[in-house]
Amino acid sequence: MEGTTPQQLIFKSAYNTVLDVRQLSKPLEVEADGITITLRYPKEGEQGFGAKDGTAICIATVIKHPDPEVSGAFADIAEHRIPEGSVVQDNDRDMVTPDGKVKDNYAIHFRWLPERLRQYITEVQTQLLNAVRRAVGIARWRLGIPTGHNPIKSVRGQEWSNDGETWYHTPTDFEIQAWSLSPHFYPPDFLEDVGRLIANDAVSEPLGHELFREAWDQRYSNPRSALILGMSSAEARVKEFISLLEPGAAWFLDNFTAPPLPAILKNYIPALLVRRGIRAEVRRPPSETIMSQIDNGMQLRNKVAHGVRKEVRLDEVEAFLPAVRDVNCMLDVFSGYAWARFYVRPEVLERWDPQGS
């Protein structure tokens, strides 16, 4: 009815993540872009549903005020009644009573719902999933956890409520694939850092790091793809960094032939750091651990791209990818994230940026 305050609906999605950090026994709760993110370990009895004792859960919660049509549909769902406009397939008819209620021990199927309601639920669940991916991505970036590309292991549950007390299952067709990881231990103050990063709507895990995870994840199954993704990772992170310090330069990188990555790393980036007052003197990436590997990787990538080489050996990729990760993390350091120094190989840090000088 016109002039009526829209009904409040609370949506909550919980996921098992790739984070295995013991300090998450102390929950982290932070709000970002209207969504409340909670990172914590499973409580007693929650270790099922794909979670282990040390695997963190990430929960995203958002408050919505949908129109009366959507609100009415959720009121029907709360009463175990099929919302108006739903279509129950013939082979599902035995789950529903003649008056439109779902029989005990059955649930309302997502496929039954009217298209507009399915679209609304999908949009909300996508919003929550993206928030979880961003939060877990930031946490693993901050912690330097070398997991695969997808930060989510599996879905635990998706619910909705009118009051935050009584929760109902949300009909949905969302699925998340799982994988394993090893435990990690970090300083106790990392939670505050993660919270600040998540709360800043402008911050996400850099694309270069995301591409690196894909490359690292494929190094055994497809070394050639890992090589190409690794080069793309370094190139993307360099472009992100240049765009941060000199936004106008990004346009030239997009619209004109850019210098080769080794030249940018060796000449442009060191001069840029001095020009912007980030470092007092020009220090170039060390030759043997960074520049030679980046140069080799670029030449090998070009040979693959032009059909000169069809195969890439695992040992070539595993020599190249650590240099890519060091470049990504050093550009994090130069971007103001001092904690990223912890994830750079000591021999690289000593030559490239000793004591942050």
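Look up: the structure comes first, before these words.
Since we're looking at a predicted model, the values are computed, not measured. (Residues numbered from 1 in each chain as written. Predicted model: local features only at pLDDT ≥ 70, side-chain atom pairs only at ≥ 80, totals over all residues. Heavy atoms only, no water.)

### Details of the overall build of the protein chain
Using the following cut-off: Going along the chain from the N terminus, every DSSP run of H or I of four or more residues is numbered as a helix, and every run of E of two or more is numbered as a strand. Buried means the residue's accessible area, taken with a 1.4 Å probe over protein chains only, is under 20% of the maximum for its type, while exposed means over 50%, and partly exposed covers the values in between. Any pair of residues with heavy atoms lying within 4.5 Å of one another is described as a contacting pair. Each accessible area is a Shrake-Rupley estimate made with a 1.4 Å probe; only the visible protein chains count as cover when residues are assessed.
Across its full length, the protein chain carries 10 helices and six strands. Taking all 357 residues of the protein chain together, the buried fraction comes to 48%. In the protein chain, the share of contacts with a sequence separation of at least 24, taken over all contacts with a separation of at least 6, comes to 71%. Accessible surface, the protein chain as shown: approximately 17,800 Å² in total, 51% of it carbon and sulfur.

### Some words on the pairing of strand β2 (residues 28-32)
Using the following cut-off: Between any two strands, pairing holds if DSSP finds at least two bridges.
Burial along β2 is one-sided: the face carrying L28, V30 and A32 is buried and the face carrying E29 and E31 is not. Where β2 lies against strand β3 (residues 35-40), five bridges are found, and the strand directions are antiparallel. Bridge pairing in β3 links E29 to T38. In this structure, the hairpin formed by β2 and β3 is closed by a connection of two residues, where D33 is found at a positive phi of approximately 55°.

### Focus on helix α1 (residues 68-78)
The condition that has to hold: Throughout, the arc means that of the directions going from the helix axis to the C-beta atoms. Identification of polar contacts relies on pairs of N or O atoms within 3.5 Å, with a donor-acceptor requirement for protein atoms, meaning one able to donate a hydrogen and the other able to accept it, and with residues adjacent in sequence counted only if both atoms are side-chain atoms.
Buried within α1 are the following residues: V70, S71, A73, F74 and I77. The buried residues of α1 occupy one face: seen down the axis, they fall within an arc of 160°. In α1, the exposed positions angled more than 90 degrees off the buried face are occupied by P68 and E69. For α1, the N-terminal cap is D67; the gap from its side-chain oxygen to the backbone nitrogen of E69 is 3.1 Å.

### Side note on unusual backbone geometry
Phi at H80 is positive, roughly 65°, even though this residue is not glycine. Here H80 is to be found in the loop between α1 and α2 (115-143). Given a relative accessible area of 29%, H80 falls into the partly exposed group.

### So, the packing of aromatic side chains
Using the following cut-off: Note on aromatic pairs: the rings of Phe, Tyr and Trp (six-membered ring only in Trp) are paired at centre separations within 6.5 Å, and the planes decide the class, stacked below 30 degrees, edge-to-face beyond 60, tilted for the rest. Working rule: Lys NZ or Arg CZ, within 6 Å of ring centre, within 35 degrees of ring normal, means a charge sits over the ring.
Under the criterion given, the structure shown has 13 aromatic pairs. With 5.6 Å between their ring centres and 45° between their planes, Y337 and W339 make a pair best called tilted. Judged by relative accessible area, Y337 falls into the partly exposed class, the value being 22%. Given the relative accessible area of 14%, W339 is considered buried. Relative to Y343, the ring of W339 lies with its centre 6.3 Å away and its plane at 65°, an arrangement referred to as edge-to-face. Of the residues examined, Y343 reaches a relative accessible area of 9% and is grouped as buried. Among the aromatic residues, those joined into a cluster by ring pairs are F11, F74, Y120, W160 and Y168. For K12, the ring lying beneath its charged end belongs to W167, and the centroid distance is 3.9 Å. The aromatic ring of W216 is capped on one face by R219, whose charged end is 3.8 Å from the ring centroid.

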